[in-house]
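Structural description and commentary
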Amino acid sequence: MMHTEGMLKEGALKGKTIIVTGGGTGLGKSMGLYFLKLGANLVITSRKLDVLQGTAREMEKETGGTVLAVSCDVREIDQVESLFDQAEAAFGKVDGVLNNAAGNFISPTERLSTNAFNTVIDIVLKGSANVTMTAGKRWIQNKQKGTFLNIVTTYAWTGSGYVVPSAAAKAGVLAMTRSLAVEWAKYNIRSNAIAPGPFPTEGAWSRLLPGDLVKKFDPAKKVPVGRVGEHQELANLAAYLMSDYSSYVNGEVITIDGGEWLQGAGEFNNLEAIPQEMWDMLEASRGKKP
Ligand code: COA
C-alpha cells in the first residue's frame, strides 16, 4: 500500500453527479479526476472554458467517464444558476458540490486596494455562498439528498498575516459549513470541509510564492512529517467525504497538512532545534544517565 494510491472501492461514487468549482486545474482537477475514476459524473467549472474543455477531454480519455465543462464565475449568481441548469440537463440531478474555487493575493494588507480585498471576499465567501444556496434550494425543493464539501485552510481558524481577505473569507466558509450542517441535516444535506496544508500546484504556488520565494520559504520545511502533500492523499479524503461511506460525518473540518499548523501553535515545538547532545547534558545535570 502506498499513500499515493486511490483508497476507495471501485464504483464508490457511481451514479453521483458532482460539481467541482475551480475544477480545470490544480487540486480541483485532481479531486475531480478521482471522483470520475470512482464512477461519478463530473461537472467542472471555472472562468476559462478553453482550459476546462482541455481538462475534460484529458479526463475522459484517461477514465472513459463523462465530464461536462461549464464556464462559470462563481461571483455571478446568474452564471451559477445556469451551471446547475446545464448539469441537471446533462445528468438529471446534482448530488454533490465541491466548493474549491478560490482567489488569493499575498500582500501586506495595507497595500491592498478596497477592490482587491473585495475581490477575494467575492470569490471565496460570496462565490461559495452562491453555489451553496443554489444547490441547497434545489435539493430542498426536490426533496433530494446532497453533499457539500468546502475547501478551507488552517488559517481559517488561526488567521494569517499577508492573506487577510482570504483568511476572513475562509473563516466565513467554515462558519457556513458548520451552520448548514445543522440547519440542513433535516433535508438530508451534509456539509463538511477540508483544510489542506501545502500541496504543490502549478497555479497557486507560482502565484503565492513567485520566483525564488518558493526556495526561501520551502513549505516542506514547516511540516513535521517533512514533506508536502501528494494530490492523491487529498483526493482520497475528498472522495470519502463526498461518498456515502461518510454518511455520519457532518459539520466536520478535517485538516490534512502533515501537522503543519500545530507545529506553529505548540508553545514548545521549537525545542526541535535542540540537539540530542544538549538533551543528554540536561539529563546528566539532573543526575540521570543519558
Ligand atoms: N496583489 C494585490 N492586489 C491585486 C493583485 C495582487 N497580486 N492582483 C490583482 N489585484 C487587485 C487589482 O489591482 C484590482 O484592484 P484595483 O481595481 O483597486 O486596482 C483587484 O485586485 C481586482 O483585480 P482584477 O485583476 O480585476 O480581478 P479579477 O476579478 O479579474 O481576478 C482573480 C481576480 C483572483 C480571479 C485572479 O487574480 C485569478 O485568477 N487568480 C488566480 C486564482 C487564485 O488566486 N487562486 C487561489 C489560489 S490559493
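Residues numbered from 1 in each chain as written. Predicted model: local features only at pLDDT ≥ 70, side-chain atom pairs only at ≥ 80, totals over all residues. Heavy atoms only, no water.

Under an unreviewed UniProt entry, the protein has the name SDR family oxidoreductase and belongs to Belliella filtrata.

Here we take up the packing of aromatic side chains. Scanning the entire structure with this criterion turns up 3 aromatic pairs. Seen from their ring centres, Trp-139 and Phe-148 are 4.9 Å apart, and the 45 degrees between their planes marks the pair as tilted. Like Trp-139, the residue Phe-148 is buried in the burial classification. Each ring, one from Trp-157 and one from Trp-261, has its centre 5.5 Å from the other, and the planes form 80 degrees; the classification is edge-to-face. With Trp-157 in helix 5 (residues 155-158) and Trp-261 in helix 10 (residues 260-265), this pair connects stretches of sequence that are 104 residues apart. Using a relative accessible area of 27% as the deciding quantity, one classes Trp-261 as partly exposed. Through pairs of rings, three or more aromatic residues link up here, namely Trp-139, Phe-148 and Trp-184. (Phe/Tyr/Trp six-rings, centres within 6.5 Å; stacked < 30°, edge-to-face > 60°. Buried < 20%, exposed > 50% of the residue type's maximum accessible area, 1.4 Å probe, protein only. Helix = DSSP H or I, 4+ residues; strand = E, 2+ residues; numbered from the N terminus.)

Time to look at the pairing of strand 6 (residues 189-196). Side chains on a regular strand alternate between the two faces of the sheet. Burial of strand 6 is extensive: 8 of the 8 residues sit out of reach of the surface. Here strand 5 (residues 146-151) pairs with strand 6 via 6 bridges, running parallel. Note that in strand 6 the partner of Asn-150 across the bridge is Ala-193. (Pairing = 2+ DSSP bridges.)

Take the site of the ligand next. Taken together, 15 residues lie near the ligand, and Arg-47, Arg-75, Ser-113, Asn-115 and Arg-207 sit nearest. Within the backbone of Ala-102, one N or O atom sits 3.2 Å away from a nitrogen atom of the ligand. Between the ligand and Ser-113 there is a distance of 2.6 Å, counted from an oxygen atom to a side-chain nitrogen or oxygen. Starting from 960 Å² of accessible surface for the ligand in isolation, the protein chains cover 55%. (Near = heavy atom within 4 Å. Polar contact = N/O pair within 3.5 Å; in protein donor to acceptor, adjacent residues only side chain to side chain. Areas by Shrake-Rupley, 256 points an atom, 1.4 Å probe, with all protein chains shown as cover.)

Phi angles above zero are rare outside glycine, and Lys-143 is one such case at about 50 degrees. A residue is classified by how much of its surface remains accessible, and Lys-143, at 78% relative accessible area, is exposed. Backbone geometry at Asn-188 places phi at a positive 70 degrees, although glycine is not the residue there. If you trace the backbone, Asn-188 turns up in the loop between helix 6 (164-183) and strand 6.

Before going further, it helps to examine the environment of Gly-28. Mapped onto the secondary structure, Gly-28 falls in helix 1 (residues 26-37). Counting along the chain gives 73 residues from Gly-28 to Ala-101, while the straight-line C-alpha distance between them is 7.8 Å. When near neighbours in sequence (up to four residues on either side) are disregarded, Gly-28 contacts Val-20, Gly-22, Gly-23 and Asn-100. (Contact = heavy atoms within 4.5 Å.)

Attention now moves to the side chain of Thr-153. Position of Thr-153 among the secondary structure elements: in the loop between strand 5 and helix 5. Judged by its relative accessible area of 8%, Thr-153 is buried. At 3.2 Å, the side chain of Thr-153 and the backbone nitrogen of Tyr-155 are in polar contact. The contact partners of Thr-153, leaving out residues within four places of it in the chain, are Lys-170, Ile-194 and Ala-195.

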